[in-house]
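Architecture and fold: a report
Chain residues, written in single-letter form:
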There are 2 protein chains.
Amino acid sequence: MNPKLWQRNTQQRQVILEELRKLTSHPTAAKLCEIVRRRLPNISLGTVYRNLELLSQLGVIQKLEGGGEARFDGNAAQHAHIRCLACGCVADVLVNRPEKYPLPKCECGGFEVIGHRWEFFGLCNRCRQKRNIRKRYLERSHKNA
Amino acid sequence: MNPKLWQRNTQQRQVILEELRKLTSHPTAAKLCEIVRRRLPNISLGTVYRNLELLSQLGVIQKLEGGGEARFDGNAAQHAHIRCLACGCVADVLVNRPEKYPLPKCECGGFEVIGHRWEFFGLCNRCRQKRNIRKRYLERSHKNA
DNA sequence: TTGCTTGCAAAGGGTTTGCATAGGA
DNA sequence: TCCTATGCAAACCCTTTGCAAGCAA
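Residues numbered from 1 in each chain as written. Chains lettered and ligands numbered in written order. Predicted model: local features only at pLDDT ≥ 70, side-chain atom pairs only at ≥ 80, totals over all residues. Heavy atoms only, no water.

1. A few points about the pairing of strand β4 (residues 90-95) of chain B
Note that strand β5 (residues 106-107) of chain A and β4(B) share two bridges and pair antiparallel. Along β4(B), the bridge assignment pairs C106(A) with V95(B). Both strand β3 (residues 80-84) of chain B and β4(B) contribute to a ladder of four bridges, which runs antiparallel. For I82(B), the partnering residue across the bridge sits in β4(B) and is A91(B). (Pairing = 2+ DSSP bridges. Helix = DSSP H or I, 4+ residues; strand = E, 2+ residues; numbered from the N terminus.)

2. So, the pattern of salt bridges
In total, this model carries 13 salt bridges over all chains according to the counting rule given. Across the pair R117(A) and E119(B) runs a salt bridge whose closest N-O atoms are separated by 3.7 Å. Linking R117(A) in strand β6 (residues 112-123) with E119(B) in strand β6 (residues 112-123), this pair reaches from one chain into another. A relative accessible area of 22% means that R117(A) is categorised as partly exposed. The exposure class of E119(B) is buried, given its relative accessible area of 13%. The salt bridge involving R39(B) is made with E18(B); its shortest N-O contact spans 3.1 Å. A residue pair is termed long-range when its members are at least 10 positions apart, and R39(B) in the loop between α2 (29-36) and α3 (45-57) and E18(B) in helix α1 (residues 11-22) qualify at 21 residues. By sharing partners, the salt bridges in this structure join E18(A), E19(A), K22(A) and R39(A) into a single network. (Salt bridge = Lys/Arg side-chain N within 4 Å of Asp/Glu carboxyl O. Buried < 20%, exposed > 50% of the residue type's maximum accessible area, 1.4 Å probe, protein only.)

3. Section: the protein's contact with DNA strand C
Surveying the vicinity of DNA strand C reveals 17 residues, the closest of which are Q7(A), Q12(A), T47(A), R8(B) and Y49(B). Contact distances for DNA strand C include 3.0 Å between a phosphate oxygen and a side-chain N or O atom of T10(A). Between a phosphate oxygen of DNA strand C and a main-chain N or O atom of N9(B), the distance comes to 3.4 Å. A per-element tally of the surface near DNA strand C places helix α3 (residues 45-57) of chain A first, with three residues. (Near = heavy atom within 4 Å. Polar contact = N/O pair within 3.5 Å; in protein donor to acceptor, adjacent residues only side chain to side chain.)

Structure below.
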């Protein structure tokens, strides 16, 4: 990244980026603020929002919107994500043979296409287990009834 | 769609769905409420939100999140969308040779994949023209300065 | 010294929710 | 009649913003 793209290289901005890049959990702004506060106890949520917005505008990080709260990814490289419909958590998706999936030729009714995003949605491991436990419980109560 | 999936087939619900299906503009909840009020002047925004949420849960319509306000599409069939980064408007995308782009095999770290969404972003015709007008204006002022 | 950035807190704005009433089955 | 859905308005919650003070360059 080019440090000249912003005016001041503040400690807050550095720590926010460093901590985000350590994570693979695609945290929300609030969660990242909590983590950054271990190093900078006085940082405010507003500052975290301002910097995450700036960094994502610069293309240094990715902002993942949709499905509730925004989440952030310290890896700016183009890659797909999957979001859990139950708890909202986000994980990276490794597409097999991605060379088979170039940006398709498309008709976009006068739009100038700048980018694209491929998002999956489903149920994460933990939520699927919860659902199965619930199902088994309901089946059992039904039999006993 | 199966009317039994809900409990009451109210006039509000019918009109919301009818009006949404007439549109290709992917309206926001507020915009659709405005349109529905031509036929049901007393309908409340809360009712519109409740029904749009219900219908999208049932898979009768699509809810398009990300990039600000949610927008809704009366066409529930799987298809790609493009959103204008400047004004937020949404249009359908016609992917050429979609058979070349089946759901890819992927590793999703324990997720159960339920669906996917392919979203493009860019600038719509109108915003692009505005931008060009602005650019020409700035160039001209620069020359004159 | 300059003026961008921060912390704080309040405002904003889309969406959800509680409650009494209306109305579909 | 029964119980879901509505209208209204307040509450919610994530995010943005105004302002005085702080601090990088």
